[in-house]
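Overview (structure and organization)
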Amino acid sequence: MSLYERRALLKFLAASPVFAGLAPFTDALADERTLASAAEALDVFDLEAAAQRLVPPAHWGYLQSGVDGDATLRANEAAFARYQLRPRRFVDVSRIDLSTEILGTKLASPIVYCPIGGLRSLHPEGDLALARAAKTQNALQIMSTQASFSVEDITAARGTPVWFQLYTTDQFEVTKKLVKRAQSAGCPVVAVTVDLPAGRNTVTATRLRREDTRICGGCHTVDENGNPQPNLASRPMFAGIDTQGLRVTSASLTWDFIKRLKDSTTMKVFIKGIETREDAALAVRHGADGIIVSNHGGRALESGRGTIESLPDVVQSVAGRVPVLVDGGVRRGTDVYKALALGASAVGIGRPYAWGLAAFGQAGAERVLDILNLELRLAMVGCGARTVREISAGSLIDTRPR
Ligand SMILES: Cc1cc2nc3c(=O)[nH]c(=O)nc-3n(C[C@H](O)[C@H](O)[C@H](O)COP(=O)(O)O)c2cc1C
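A quick note: this is a predicted structure, and the numbers were derived from the prediction, not measured.

Basis of the calculations
Residues numbered from 1 in each chain as written. Predicted model: local features only at pLDDT ≥ 70, side-chain atom pairs only at ≥ 80, totals over all residues. Heavy atoms only, no water. Helix = DSSP H or I, 4+ residues; strand = E, 2+ residues; numbered from the N terminus. Rg over C-alpha atoms; globule rule 2.2 N^0.38 Å. Buried < 20%, exposed > 50% of the residue type's maximum accessible area, 1.4 Å probe, protein only. Contact = heavy atoms within 4.5 Å. Areas by Shrake-Rupley, 256 points an atom, 1.4 Å probe, with all protein chains shown as cover. Lys, Arg positive; Asp, Glu negative; His and termini not counted. Charge placed at Lys NZ, Arg CZ, Asp CG, Glu CD. Near = heavy atom within 4 Å. Polar contact = N/O pair within 3.5 Å; in protein donor to acceptor, adjacent residues only side chain to side chain. Nonpolar A, V, L, I, M, F, W, Y, C, P; charged D, E, K, R; others polar. Pairing = 2+ DSSP bridges. Axes fitted to C-alpha atoms, helices over the stretch in contact; angles between N-to-C directions. Disulfide = S-S within 2.5 Å. Parallel < 35°, antiparallel > 145°, perpendicular 65-115°, else oblique. Right-handed = clockwise from strand over helix to strand, strands pointing away.

A few words now on the overall build of the chain. Looking only at helices and strands, the chain features 15 helices and 14 strands. Over its C-alpha trace the chain gives a radius of gyration of 22 Å, about what one expects of a compact globule, namely 21 Å for 402 residues. Each principal axis of the C-alpha distribution contributes one length, and for the chain these read about 75 × 65 × 45 Å. Every one of the 402 residues in the chain was classed for burial, and the buried ones make up 52%. Pairs at least 24 residues apart make up 71% of the contacts formed inside the chain by residues separated by at least 6 positions. Of the roughly 18,600 Å² that the chain leaves accessible, carbon and sulfur atoms contribute 52%. Side chains of the chain give 47 positive and 42 negative charges; the mean places of these two sets differ by 4 Å.

Let us now look at unusual backbone geometry. The phi torsion at Phe 90 lies on the positive side, around 55°, for a residue other than glycine. As for its position among the elements, Phe 90 is in the loop between β1 (83-85) and β2 (100-102). The exposure class assigned to Phe 90 is exposed, which follows from its relative accessible area of 90%. The phi dihedral of Asn 138 falls on the positive side, at around 45°, and the residue is not glycine. If you trace the backbone, Asn 138 turns up in the loop between α6 (126-137) and β5 (142-143). Judged by its relative accessible area of 31%, Asn 138 falls in the partly exposed class.

Within the structure, the ligand sits among 23 residues, and Pro 115, Ser 144, Thr 193, Asp 327 and Arg 331 are positioned closest to it. The separation between a nitrogen atom of the ligand and a polar side-chain atom of Gln 165 is 3.1 Å. In this structure, an oxygen atom belonging to the ligand sits 2.8 Å away from a side-chain N or O atom of Asp 327. Compared with its free state, where it exposes 600 Å², the ligand has 98% of that area covered by protein. Elements that contribute at least two residues to the shell around the ligand include exactly α4 (57-64), β6 (163-167) and α14 (351-360). Of the residues that constitute the shell around the ligand, the class distribution is 8 nonpolar, 10 polar and 5 charged.

Moving on, we come to the sheet that holds strand β13 (residues 346-349). Pairing is parallel across the open sheet formed by 8 strands, whose spatial order is β4-β13-β12-β11-β10-β7-β6-β5. Taken across any chain shown, the strands that pair with only one partner, and hence form the sheet edges, are β4 (111-113) and β5. Bridge count between β6 and strand β7 (residues 189-193): 4 bridges; the pairing is parallel. Counted as the bridge partner of Phe 164 is Val 190 from β7. Lying over the sheet, helix α12 (residues 307-318) contacts β10 (268-274), β11 (290-293) and β12 (324-327), oriented at roughly 170° with respect to β12. Helix α15 (residues 362-383) rests against β4 and β13 of the sheet, and its axis sits at about 160° to β4.

Let us now look at the state of the cysteines. In the structure shown here, the tally under the stated rule is 0 disulfides. In this model Cys 114 remains outside any disulfide bridge; the closest cysteine sulfur is found in Cys 187, 15 Å from its own. Overall, the relative accessible area of 6% leaves Cys 114 in the buried class. Cys 187 sits in the buried class, given a relative accessible area of 4%.

A few words on the packing of α4 against helix α9 (residues 203-211). Contact pair α4 / α9: the axes reach a minimum separation of 7 Å and the direction vectors enclose 170°. In terms of orientation, α4 lies roughly antiparallel with respect to α9. Counted together, Pro 57, Ala 58, Trp 60, Gly 61 and Tyr 62 of α4 and Ala 205, Leu 208, Arg 209 and Glu 211 of α9 form the full contact between these two elements. Its residues placed into classes, the contact of α4 with α9 shows 6 nonpolar, 1 polar and 2 charged.

The topology assignment puts Ser 317 in helix α12. Note: C-alpha distance between Ser 317 and Gly 126 (191 residues apart in sequence) is 37 Å. With residues near it in sequence (within four places) discarded, Ser 317 still touches Arg 277, Ala 280 and Ala 281. Among the polar contacts listed, one links the side chain of Ser 317 to the backbone nitrogen of Ala 281, at a separation of 3.4 Å.

Further remarks concern the pairing of β13. Burial of β13 is two-sided: the residues Ala 346 and Gly 348 facing one way and the residues Val 347 and Ile 349 facing the other way are all buried. Relative to β13, β4 runs parallel, the two being bridged by 3 bridges. Each residue of the ladder has a partner; that of Val 112, found in β13, is Gly 348. As judged from the 3 bridges shared by β12 and β13, these two strands associate in the parallel manner. The partner of Asp 327 across the bridge, within β13, is Gly 348. Handedness of the β-α-β unit built from β12, helix α13 (residues 333-341) and β13 comes out right-handed.

All quantities given are derived from atomic positions and should not be read as evidence of function.
Rendered as structure tokens:
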């Protein structure tokens, strides 16, 4: 019996007065709403739904949470709707080229896998499955300091070195060790995350953790209230490092940190988490080789604006001196198009690939890129932009109230 026939039969039985109220049919119908394979997903939200059924509540909360009331998280997604696309006609769009170059490296598309810590909480093969997806897709992957696998293993799975995301820590000697290791593994870029200097209030994560009946202490260290704490010692990048009392970020850092970082490495230094024109100018003045406009996916400051709205300020301030990437709330290829039109050199995704990974491992992460690339391609066709370079601000209508 085909999937379609099975679904039709279940629908008939569930609707039949003879079987009215019988849970097995309605339950089976609910099962039908999930996907048999990654290829069945039509948009990234299909993969979100599939992932939610598989991931236990505490880990789901970790992934989905923003901070406080999740307003910045929502703002990231909602802000894209304030820009609309301007179609153009009679352009020869028989050949569309998504390829993109960042720092001389050619990538198949401008869509980048952003760093997410602890990916093994979503899929046993975590960052390695993602690296294999990045390899088949020729996509840029930025691994987290808190990755579930080491930079050496991830780079081996990707086939070429990935970018390394750096949490500053509060001990510069430790930071230097992390940076040296990434450099020795061949990483061309260290992207230092600067948007989380001193804690955050992840309410949604805490709420969902309370629904989880599993014992966290099996895998995590837990505080006296039973709340799991970041266990740095268990993260491969901290192997051989004394993590006693170590914090992943520091509240006291100032701009001179960038010079110290640059003096400790030959890698290019990108700053992840810039949102204003003033900070963009300071970043360039202090020697940043690139900027990632990001608010950590709405997981740092509450009541912030969507990153797509911060992007033009940063692009204007940087004035082409360094590449500007952006992430946050990208859920459609049209979102990617809008970010490119507003001056981004490339566009990052976090949760969407994590949904794919959680649901189907490597195939799911690949499917997310396939979907977004298809949607991007169609946006380019509609707007008459044949290459990523041809995407310009002229193809956007800014509907934000003045
Ligand atoms: C569960 C989770 C963990 C994350 N971990 C990191 C991290 O370790 N380092 C980092 O710089 N950003 C981290 N981020 C932020 C992402 O790199 C990225 O900025 C964000 O997810 C983009 O927003 P989006 O999820 O709406 O696409 C994390 C995001 C999520 C959702």
